[in-house]
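Listed here are the chains, written in short residue letters.
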Number of protein chains: 2
Amino acid sequence: MAKKYVYSFSQGKADGRADMKNLLGGKGANLAEMCNIPGIPVPAGFTITTECCTDYYAHKARFPEGMMEQVEKGMKIMEKAMGRKFGDTKDPLLLSCRSGARESMPGMMETVLNVGLCSATIPGLIAKTGNERFVYDSYRRLMMMYSDVVMEKAEGIEPKGGHGIRLQLEHIMDELKDKNGYKADTAMTVEDLKDLCEAFKVKIKSSLGKSFPDDPWEQLKGGIGAVFKSWNGKRAIAYRNIEGIPHDWGTAVNVQAMVFGNMGETSATGVAFTRNPANGERKFFGEYLVNAQGEDVVAGIRTPEPINEATKNEHTAHLISLEKKMPRLYDQLDEIQKKLEKHYKNMQDLEFTIQENKLWMLQTRNGKRTGIAAVNMAMDMLEERLIDLETALTRVKPVQLDELLHPVIDPVAEKKADLLGKGLPAGPGGAFGALVFTAEDAVKWVRDGKAKNVILIREETNPEDIEGMRAAQGILTARGGMTSHAALVARGWGKCCIVGAADFEIDVTTRTVTIKGRILKEGDIVTLNGTKGCVYSGALPMIDATENPRFKAFLSLIDRYKGMKVRANADTPKDAAVARAFGAEGIGLFRIEHMFYGEGSEQSLGFLRQMIMSNGSGERKEALDKLFPSMKKDLKDTMKAMAGFPVTIRLLDPPLHEFVPTKPDGQDDLARAMGISIDEVKKRGEGLHEVNPMLGHRGVRLGITYPELTEMQVRAILEAGAELVKEGTKVVPEIMIPVTCTVNELKDQQAIVDEVAADVKRKYGLKNFDYLCGTMLEIPRACLLANEMAEVADFFSFGTNDLTQMGFGFSRDDMGSFIAPYLQKKILAEDPFLSIDQAGVGQLVKYGVERGRSVKPKLKIGICGEHGGEPESVKFFYSLGLDYVSCSPFRVPIARLASAQAEIAAKSASKKSSAKPAAAKKSAKKSAKKSSKKAAKKSAKPAAKKVAKKAAKPAAKKAAKKGKKK
Amino acid sequence: MAKKYVYSFSQGKADGRADMKNLLGGKGANLAEMCNIPGIPVPAGFTITTECCTDYYAHKARFPEGMMEQVEKGMKIMEKAMGRKFGDTKDPLLLSCRSGARESMPGMMETVLNVGLCSATIPGLIAKTGNERFVYDSYRRLMMMYSDVVMEKAEGIEPKGGHGIRLQLEHIMDELKDKNGYKADTAMTVEDLKDLCEAFKVKIKSSLGKSFPDDPWEQLKGGIGAVFKSWNGKRAIAYRNIEGIPHDWGTAVNVQAMVFGNMGETSATGVAFTRNPANGERKFFGEYLVNAQGEDVVAGIRTPEPINEATKNEHTAHLISLEKKMPRLYDQLDEIQKKLEKHYKNMQDLEFTIQENKLWMLQTRNGKRTGIAAVNMAMDMLEERLIDLETALTRVKPVQLDELLHPVIDPVAEKKADLLGKGLPAGPGGAFGALVFTAEDAVKWVRDGKAKNVILIREETNPEDIEGMRAAQGILTARGGMTSHAALVARGWGKCCIVGAADFEIDVTTRTVTIKGRILKEGDIVTLNGTKGCVYSGALPMIDATENPRFKAFLSLIDRYKGMKVRANADTPKDAAVARAFGAEGIGLFRIEHMFYGEGSEQSLGFLRQMIMSNGSGERKEALDKLFPSMKKDLKDTMKAMAGFPVTIRLLDPPLHEFVPTKPDGQDDLARAMGISIDEVKKRGEGLHEVNPMLGHRGVRLGITYPELTEMQVRAILEAGAELVKEGTKVVPEIMIPVTCTVNELKDQQAIVDEVAADVKRKYGLKNFDYLCGTMLEIPRACLLANEMAEVADFFSFGTNDLTQMGFGFSRDDMGSFIAPYLQKKILAEDPFLSIDQAGVGQLVKYGVERGRSVKPKLKIGICGEHGGEPESVKFFYSLGLDYVSCSPFRVPIARLASAQAEIAAKSASKKSSAKPAAAKKSAKKSAKKSSKKAAKKSAKPAAKKVAKKAAKPAAKKAAKKGKKK
């Protein structure tokens, strides 16, 4: 028997189902699903399977045997359902042929509409509709589409005349319009359209050497073939290459009866949402237009009218709603939307058409929504018991939380705003204020009340700008990438920030900035959208959703899923408190150097500078001694704020020259403090200059060359810890050595740590005082040799920023000059500093985990790079079995949600696999013993790990195993 | 039966052999081997096996059962051979207890000498030797050594008094000497020594609470135990950690009869070489001292005398040779040395002692030699048919060829020279000259005859210094690493160069340099040893061995082994010619940017600068058009010089700002050429500034952002190639894209290449015109995803410089500030830019090869980083199955030799494995069909690959396999 190639669907009955996407494509499966819900009127049709497409290509682009017989059968069913016949001279049925792949490939494949119009059917349709203009307009559209898509593209006929056939036909139409002085297509008369159709027929014949087919079935076959062909069109292939969609999937073809909303006053078309997609309000919401086609609603030529009274607002109060205009049809639609939402258990985005007082549903799909709406809907539906907890948690995209964590620009106002330029979205939310060009000005303007809000604009920022950055409402830099200084600091504070806005030519001397010829000066007001990277002229209104109680409730629900912990990158007691408030369970990255940035740290920074500029270890020790008390205090306060939770302290990491004063004031201060000349200060500062500081004298290398530096830091950490222990606080400091590339560095530094620890124990009379000493894995070599590192390290923490820098050879500070063309040309699918590059850098992380745990199976492993707060990355880290991620405090909720979602996904995957009896007998047995709910929860993590390991590249796995044997 | 723990050896008979190193340790195996050669008098003894040491540790540091019985048996054999008895009161035998591991661990373990001296044996020894002083001196030495090594260290007795027991005994001796006003130990009288021995006994008892053992057997057991214990001493463990020696190997113990060269005028001791180690001359060569101990010959307190008349020189003519002094013994020694050289088929380094007119051989080993000697000896021995070709080729260390390729400092003179300071040995050989501080001065001084030779000293060099670098005899920089600009350029030219001499504080303004307080000024003469990195004051004499005909003959022999090709990194027709002369089979790296350095390139550099500073692609194209003709010409000339061999041309790689003029002159020229202001030139130049240029806008990134740049270069390459093809020259240009991290970059650039190629074919009317388009693998990600890269690339070439930079996170330009402590503290065993880091970065190379070839099994793969000329790295690359290495022309012979040696080693390994019947039946069958010799040669390469793959980490292998399946 031949394969089943054709799946019919019509109201109340469909061969297919929603879960048959692989076979029927997304569109086909969805149409079938909708038909199977009682009471939903869907124009009938059939879906030709993706398998058929594959077979088509396997048979040298010929329809496989049996397909057309099945199409004919499908047509019969459709004709019966629609009460019209294809090719009928009295009341002809018109068809659409649409593509539909497993995964949406919007705009990449072809569509043919109005199939079935020909000399034989035109008169009947005119008679039936009484609308000659409509019929001829549809006919000329069919010819334009068909000659292009089917004849030229699919059949490969090269048109004469050098241009494509579509362009040639458009040219004829333009000439006609010009001749008559028409502006719009709609100005054409019925006679014009008739002439046009004749002219088109002639042109098609002369240009393509073949007549436009006047037979409905020939048109249909051509349409089906064209859709198949378009699967392997240039654009489609390129799109699949980029999106990683397999080329052998094939597309389905959906052949469906056409319905028309443009057949007079009893016809209409519209789009609607079952709830408000902007705020989540539980009100049926939508727009419609009488006597119009679908695209008219979206196109904005006519103003669509509100669908019902309940959702009218001041701007739409005067318009007539569908509820009033066609009350019966509105009630039917309302009935249907309730049914659909209940069926799909999600807010639906609907398309409908009314053709001569009959309602047709053309599409339903889960609707897009804002973050606020997503949270509100999830909480509402949970309350309504429409969905369960796990579903509610997966309904909000983690990044959407950003909208609730920061004030955002009112989206309505933003649509109409005056865009000045774009940069990289480095710090979330919106902010507006007066432009200032230096950090000093930012502080002064705000302090002196010259402006309430300022936006600091700089080429790039450095630690000396910290005060100004804090004072500003938002930060804008012309250079730098997603992990440049400005970006890191801003994200840490949850501050709005745009970096790498390369079009902004800044002139600090004149206090002006030129953007493609447009000049702004100091004091001009701009608004930043740090979530999108857009800079607008003027002040835009903001929405603040941070106090939404539903949001708080939502966050608390996340807490039930803690398979992977979320810590925060926090460097002050204040940050630590913020992080705790957002639900962080510890600090994954306390950067000692951040002590020297920001308010109140001037003295410490001074001592640090003295240390850096010291000549010899004598001078250096002296400066370190001065630095010690404040460092110890800061550490103690932070650990206290995080009491009961782990705190990982990273030893001094950046190249020292970053702290060297470059401004005369700072140099002068330092010279006086050190009792040396300014020239000497400059000279010593220059001596620290490096060609590539990122690959220079930094991290553990500082500790190797200046052991006294490690010794002082470790003493500050451990004495702070010891004092807290003495005071009865539970503290286990985690000392983290950065930038290691060989285990010997770790051994060298650990010797110092252990020595200091013994000393501190003695000093405080502590018998037991626990601390951990671990390392960052941020150098490729360290990941490759993680088995060696693990022999010494108590824990690993991936530094995926540096790992990405070195894995790609991209300097985060310099990639601004080439990342734009890289993204634009799709050479990179996305900025690897935003979402971890799973294919490449991800391998290094996998090696790190697997090789590390091959030596210490329970090795604690986290990640504290910027990726720790990016949802896709968080899911990836979960799949690798990491114990925690650490991110900026303001991203903690996002990471928590992403982690919970990963856990839920893993749980559901493990449920599915344990449904297969052979696969998971053991775990089934185990869980049978315990109360099922509890067991499920407990097994969630290990199950997830197993899944992850399976998904991990086999190579990496094998490597880890081999490592074990060594 | 108990294991055999004890292996006896005595003249003419030994239980062991040289190939039993694993069981007997290196020393024990060698002593056994020497004993087995008839006619070699060796003091008898026995070796306790390494296995015994392992068992000792397995039994809680107790001698395993049966060991002492075997020791007693061994003692009997020894006593019989020596004609004395251990512990005998009349003529006692004294023993030494020495360690001896599989691999030499010099100075890391303990030794006890003179074992067997006690109150019972002392009188007999005095009577027998008639030398009371000798006996008591030996006794006090035994006590010092034993109390320290056995009692304190091995038995773990803590001495009272806070100091080690050795220090306490030394203190007693110092007091005695002070009291008597003695300076030297030798001033002590017999009575003094007797008193000292008594005082020692008392001190040992009081400090350690235990008497010094007066029983020979107790002493012996203590000695054996102490050697075992020292295997796990702190120093030994640390040493093994660094050297990667397994901790479970254990050490053997060699117990041997002591012989004394200091028993009067009939006794002597000496060291000798079977041929001259300095120049290879075939003359028995050595030094000796009458009435002395071994260390006296080396210590330099007394002047040793020449061993024979033939090797006397003007300085030693007046001394009495052993040949004259003890003719019978000399003849015996001469006989023995001949025998030993013949046995070992290698120049031997001998130690001998004459005790009362009896000759004893204490040691023989292969002697160290200079490069010149190594080549001469290898060629002589080959001629003498002492060794075969393969052996001759393995007798010269590849790096030793350096000595023959460049003038070197006379080693005798160098020993006495005045060392100013050290840096990294960046360019080989020696050079002297007057110090100049700028490139301009270098050119001027030489041109004006102010000095014939100048040494250019700079902070660091840049392309603007090229002329001066060329003019200078040698280059010295205070900054930079082994692959800094100065190092790369100097090595390319084979010029003497030292970089990163951090102690040299240069002041260009005053034209002075301060080295730890010592000041040199312009014009002062210095000498550089670029092979060692030493800077000396004054001019030292040089030796030039480049014209040695034996060396040329040796080089031509290498040519028989070509398993892996050696190409050169060459950027000019001249370099190409030099490379050919050194035997390079192609160019592996032609750096397009090098066209803009050096003489005659001013105009091109000007155009390049215009291109770089262009605003927009219009200006850029204009500048590129100007650049085109000279680029094409250079390329054509170079390919012509390499006709018949492949030439790989790398597209523009360095960050553009490297070419930006920083000096007013250059800025002025550019401003005029471009018709813009100097300020604009400065501004545009600053705009190109990058924080980390190494990770910035360079390599393929330039080609992505400026496609016209790729287009112009490719056109120049292909047109040059096409013209040569038209002229009848065989040319297949290999276009190499640098710094790729994703296959999409390659696809993007290859599209340009293919388009230009089609154009060029059309233009020149060529039907077939072959070219390759490949990529560097120099970014970690590219190696990890080499399977993807291989789908597009025609070839790979590893850029191990950058791979090392990114693998380690080390900037080659900045590591000068920390590499010294890293090497000193043994955190790194060696500079990874010198010899490839096989454990870490090597994994990336392996992944690159294996994953690349999983997609294209015959993919051509080479390496063109600096490691291509370093022997250990070359061997590693051979083991991975690379097709070629490419290095500086002056390192081509070194790489060729290293490659040949790798091939020989693989061949011999495959011979060994095919000797095992099961292992290689198949290959045996095959080779049986052909003439055995030819077959062996042919199979050498695949065999080597197999071996290599086996040696490769299993993880990597598996990974590659899995990659294939994808």
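Residues numbered from 1 in each chain as written. Chains lettered and ligands numbered in written order. Predicted model: local features only at pLDDT ≥ 70, side-chain atom pairs only at ≥ 80, totals over all residues. Heavy atoms only, no water.

*Asks:* Would you mind showing me how to read the overall build of chain A here?
*Replies:* Scanning chain A from terminus to terminus reveals 38 helices and 34 strands. Taking 966 residues into account, the globule formula puts the C-alpha radius of gyration at 30 Å, and chain A, at 33 Å, falls close to it. In terms of its C-alpha atoms, chain A occupies a principal-axis envelope of roughly 105 × 75 × 55 Å. Residues counted as buried form 59% of the 966 residues belonging to chain A. Contacts spanning at least 24 positions in sequence make up 68% of the contacts within chain A whose residues lie at least 6 apart. When the accessible surface of chain A is split by element, carbon and sulfur atoms take 52% of a total near 40,000 Å². Averaging the coordinates of the 145 positive side-chain charges in chain A and doing the same for the 123 negative ones gives two points 8 Å apart. (Helix = DSSP H or I, 4+ residues; strand = E, 2+ residues; numbered from the N terminus. Rg over C-alpha atoms; globule rule 2.2 N^0.38 Å. Buried < 20%, exposed > 50% of the residue type's maximum accessible area, 1.4 Å probe, protein only. Contact = heavy atoms within 4.5 Å. Areas by Shrake-Rupley, 256 points an atom, 1.4 Å probe, with all protein chains shown as cover. Lys, Arg positive; Asp, Glu negative; His and termini not counted. Charge placed at Lys NZ, Arg CZ, Asp CG, Glu CD.)

*Asks:* For this particular structure, what's the right way to read the pattern of salt bridges?
*Replies:* When their charged atoms lie close together, side chains carrying opposite charge are able to pair. Residues and elements named next belong to chain A. Applying the stated criterion across every chain yields a total of 131 salt bridges over all chains. Among the ionic pairs, Glu414 bridges to Lys532, the shortest N-O distance being 3.5 Å. Here Glu414, found in helix 16 (residues 411-415), pairs with Lys532, found in the loop between strand 24 (525-529) and strand 25 (534-537); they are 118 residues apart in sequence, far enough to count as distant. A salt bridge links Lys636 to Glu727, with the shortest nitrogen-to-oxygen separation between them at 2.7 Å. Here Lys636 is found in helix 23 (residues 616-641), whereas its partner Glu727 is found in the loop between helix 27 (707-726) and strand 30 (733-737), with 91 residues between them in sequence. One continuous salt-bridge network, built from bridges that share partners, spans Glu110, Asp148, Lys153, Arg166, Glu170 and Arg235. (Salt bridge = Lys/Arg side-chain N within 4 Å of Asp/Glu carboxyl O.)

*Asks:* I would appreciate a short explanation of the environment of A:Met631 in the present structure.
*Replies:* All names here are of chain A. Note on placement: Met631 falls in helix 23. When the C-alpha positions of Met631 and Arg84 are compared, they lie 84 Å apart, and in sequence the two are 547 residues distant. Setting aside residues up to four positions removed in sequence, Met631 forms contacts with Ile592, Met595, Phe596, Met712, Gln713 and Ala716.

*Asks:* Teacher, can you tell me more about the nonpolar core here?
*Replies:* Soluble, globular proteins show a tendency: their nonpolar side chains are buried together. Counting residues in hydrophobic clusters, the biggest one holds 333 residues, and the most contacted among them are A:Leu401 and B:Leu401. In contact with A:Leu401, not counting residues within four places along its chain, are A:Val375, A:Val396, A:Phe551, A:Phe554, A:Leu555, A:Pro893, A:Ile894 and A:Leu897. A:Cys53, A:Leu196, A:Val255 and A:Val259 belong to the second-largest nonpolar core, a separate cluster that totals 73 residues. (Core = buried A, V, L, I, M, F, W, Y, C linked by side-chain atoms within 4.5 Å.)

*Asks:* Help me out: how do you make sense of the relation of the copies chain B and chain A in this one?
*Replies:* Two chain copies here: they are related by a rotation about an axis and a translation along the same axis. With an RMSD of 0.3 Å, the fit of chain B onto chain A corresponds to turning through 179° and sliding 0.2 Å along the axis. The transformation relating the two chain copies, once decomposed into turn and shift, fits a two-fold axis. Residue B:Asn692 of chain B places its C-alpha closer to the rotation axis than any other residue of that unit, at 2.0 Å. Take the interface residues of chain B: 98% of them recur as interface residues in chain A, which is what a same-surface contact looks like. (Least-squares fit on C-alpha atoms with pLDDT ≥ 70 in both.)

*Asks:* In this structure, what is going on with unusual backbone geometry? I would like to understand it.
*Replies:* The phi angle of most residues is negative, glycine excepted, and most peptide bonds adopt the trans form. One non-glycine residue, B:Lys516, lies in positive phi territory at about 45°. Examined against the element boundaries, B:Lys516 turns out to sit in the loop between strand 22 (512-515) and strand 23 (518-521).

*Asks:* Quick question: what am I supposed to make of empty space enclosed by the protein here?
*Replies:* Where empty space is left becomes clear once a probe the size of a water molecule has been rolled over the atoms. Residues and elements named next belong to chain B. Taken as a whole and judged by the stated rule, the model has 9 cavities of 30 Å³ or more. Taken as a whole, the largest cavity encloses approximately 80 Å³ of empty space. Along its surface, the largest cavity is lined by Ile558, Asp559, Tyr561, Lys562, Met564, Val566, Gly583, Glu585, Arg896 and Ser899. Partitioned by chemical class, the residues of the lining of the largest cavity number 4 nonpolar, 2 polar and 4 charged. Quantified by volume, the second largest cavity comes out at close to 70 Å³. (1 Å grid on protein atoms, 1.4 Å probe; cavity = no way out; pocket = protein on both sides within 12 Å on 5 of 7 lines; lining within 4 Å. Points joined across faces, edges and corners; volume = space filled by probe spheres on them. Nonpolar A, V, L, I, M, F, W, Y, C, P; charged D, E, K, R; others polar.)

*Asks:* I tried to follow the sheet that holds strand 23 (residues 518-521) of chain A on my own but got confused; where do I start?
*Replies:* To summarise the sheet geometry, strands pair through backbone hydrogen bonds and adopt either a parallel or an antiparallel arrangement. Residue and element names in this part refer to chain A. If you walk across this open sheet you meet the 3 strands as 21-22-23, and the pairing is antiparallel. This sheet does not close on itself; its edge strands, each paired only once, are strand 21 (504-507) and strand 23. Averaged over all pairs of adjacent strands, the angle between their axes in this sheet comes to 20°, without regard to strand direction. As defined by bridge partners, strand 22 (residues 512-515) adjoins strand 23 across 4 bridges and the pair is classed as antiparallel. By the bridge assignment for strand 23, Ile515 is matched with Arg518. (Pairing = 2+ DSSP bridges. Axes fitted to C-alpha atoms, helices over the stretch in contact; angles between N-to-C directions.)

*Asks:* Please clarify how the sheet that holds strand 8 (residues 251-257) of chain A should be interpreted in this entry.
*Replies:* Residue and element names in this part refer to chain A. The strand order across the open sheet built from 6 strands is 2-1-3-8-6-7, with neighbouring strands paired in antiparallel fashion. For this open sheet the edge positions go to strand 2 (13-14) and strand 7 (111-115), each flanked by a neighbour on one side alone. Bridge count between strand 1 (residues 6-10) and strand 2: 2 bridges; the pairing is antiparallel. Its bridge partner lying in strand 2, Ser10 is registered against Lys13.

Everything listed here is a matter of geometry and, on its own, says nothing about what the molecule does.
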